[in-house]
Amino acid sequence: MTTTAKKVYFASDAHLGNRFLPDVVESEKKLVRWLDSISADAQAVYFLGDMFDYWYEYKYVVPKGFVRFLGKVAEMADQGIEIHFLTGNHDIWMFDYLEKEIGAAVHRKPFTVSLSGKQFFLAHGDEVGKRPLTYRIISALFRNKLCQWLYASVHPRWTFAFARLWSYHSRKTGQIREMQADDSDYLFDFVQKNAMQGVDYFIFGHRHVLFDYELPSRVKVIVTGDWMQLFSYVEWDGADLTLKRFEE
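The following paragraphs examine the structure supplied in this document. (Residues numbered from 1 in each chain as written. Predicted model: local features only at pLDDT ≥ 70, side-chain atom pairs only at ≥ 80, totals over all residues. Heavy atoms only, no water.)

### A look at the sheet that holds strand β8 (residues 210–214)
Next up, step 1: Spatially, the five strands line up as an open sheet ordered β5-β6-β7-β9-β8, and their pairing is mixed. Of all strands in the sheet, those bounded by a partner on one side alone are β5 (111–115) and β8. The sheet shows a mean angle of 20 degrees between the axes of neighbouring strands, taken without regard to direction.
Next up, step 2: Judged from the four bridges that link them, strand β6 (residues 118–123) and strand β7 (residues 201–204) form a sheet pairing that is parallel. Looking at the pairing, Leu-122 lines up with Ile-203 of β7.
Next up, step 3: Strand contacts of helix α7 (residues 186–194): β6, β7, β8 and β9 (220–224), with the helix running at about 155 degrees to β7, the strand carrying the most contacts. (Pairing = 2+ DSSP bridges. Helix = DSSP H or I, 4+ residues; strand = E, 2+ residues; numbered from the N terminus. Axes fitted to C-alpha atoms, helices over the stretch in contact; angles between N-to-C directions. Contact = heavy atoms within 4.5 Å.)

Given below as structure tokens:
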């Protein structure tokens, strides 16, 4: 079935499976209810990274769980809705499972896309701008093919347990810092330096804050929030780009 709808949606940072959430299953169900609510008029959905708190694809093994979310996304793809996943720092190890199983497009780097004649720069947000040296080193190791191969040689029992523990600790210690944002943020600095490249809208995830700002040049910058506490998303109807929160 080919959809005739024109709306495009953006969301990020559900961190499905994160033990920091008070109710992991209910958080996933709420995300699915939102997808249900937009499926009738959605042309495309862009997930801007960290939809999963941890994701690693072995040759024959993927993380358990998320069946409601994956089922709904597969259903939407079957209806002709474009599904796009950008890798985040928590689910960087997406390979070809979602592409083959669901028909989703997986993007491993920031990119620009034209929607209704406007140029959108889309990124998770951890891979742009000037980042701390330690962060850049860890990110390079995670993206290194040899390191990925060595990691895959360890039994999932140990790699999954280690990753979940690390994620839980970083989420617990980083929550307060992530809930603070201002105009001097590194994403904002990145946009100011790149705003003359013909881009109309910059959309990021990663920071877990709601940020909607328009430069004097009419270039708009949005940080999508998250699906852990804010339950927020961005809607493009072909004319207006709006940051919203899901209300039931």
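### Looking at the pairing of β6
Next up, step 1: Here five bridges tie β5 to β6, and the two strands are oriented antiparallel to one another. Within β6, the position partnered with Val-113 by the bridge is Phe-120.
Next up, step 2: The antiparallel hairpin formed by β5 and β6 contains two residues in its connecting segment, where Ser-116 sits at a positive phi of about 55 degrees.

### Things to note about the nonpolar core
Next up, step 1: By size, the foremost hydrophobic cluster in this structure holds 33 residues, and its most contacted members are Trp-34, Phe-47, Phe-52, Phe-69, Ile-83 and Phe-85.
Next up, step 2: Listed by contribution, the elements that provide at least two residues to this core are β1 (7–11), α1 (24–38), β2 (42–47), α2 (67–78) and β3 (82–86).
Next up, step 3: Looking at this core element by element, the count peaks at six residues for α2.
Next up, step 4: Those residues in contact with Trp-34 that lie beyond four places of it in its chain are Tyr-9, Ala-11, Phe-47, Trp-227, Tyr-233 and Phe-246.
Next up, step 5: Counting residues in hydrophobic clusters, the runner-up holds 18 residues, among them Phe-190, Val-191, Ala-195 and Phe-202. (Core = buried A, V, L, I, M, F, W, Y, C linked by side-chain atoms within 4.5 Å. Buried < 20%, exposed > 50% of the residue type's maximum accessible area, 1.4 Å probe, protein only.)

### Brief notes about the environment of Phe-10
Next up, step 1: Among the secondary structure elements, Phe-10 is positioned in strand β1.
Next up, step 2: Along the primary structure Phe-10 and His-84 are separated by 74 residues, whereas in three dimensions their C-alpha atoms are 9.4 Å apart.
Next up, step 3: Excluding its chain neighbours within four sequence positions, the residues that come into contact with Phe-10 are Tyr-46, Leu-48, Leu-115, Phe-120, Leu-122, Ile-203, Tyr-233, Val-234, Trp-236 and Leu-241.

### Things to note about the packing of aromatic side chains
Working definition: an aromatic ring pair is given by the centre-to-centre distance plus the angle between the planes.
Next up, step 1: One pass over the structure, following the stated rule, counts 34 aromatic pairs.
Next up, step 2: Between Phe-121 and Phe-190, the ring centres sit 5.5 Å apart and the planes meet at 45 degrees, which makes this aromatic pair tilted. Of this pair, Phe-121 sits in strand β6 while Phe-190 sits in helix α7, and the two are 69 residues apart along the sequence. For the pair shown, Phe-121 and Phe-190 are each scored as buried. (Phe/Tyr/Trp six-rings, centres within 6.5 Å; stacked < 30°, edge-to-face > 60°.)

### Some points on the pairing of β1
On a regular strand, one side chain projects to one face of the sheet and the next to the other, so that they alternate.
Next up, step 1: Most of β1 is tucked away, with four of its five residues classed as buried.
Next up, step 2: The pairing of β1 with β2 spans five bridges and is classified as parallel. Paired with Val-8 across the bridge in β2 is Ala-44.
Next up, step 3: Taken together, β1, α1 and β2 form a β-α-β motif whose crossover is right-handed.
Next up, step 4: Looking at chain direction, β1 and strand β10 (residues 232–236) are connected through three bridges and run antiparallel. Counterpart to Phe-10 in the pairing with β10 is Val-234. (Right-handed = clockwise from strand over helix to strand, strands pointing away.)

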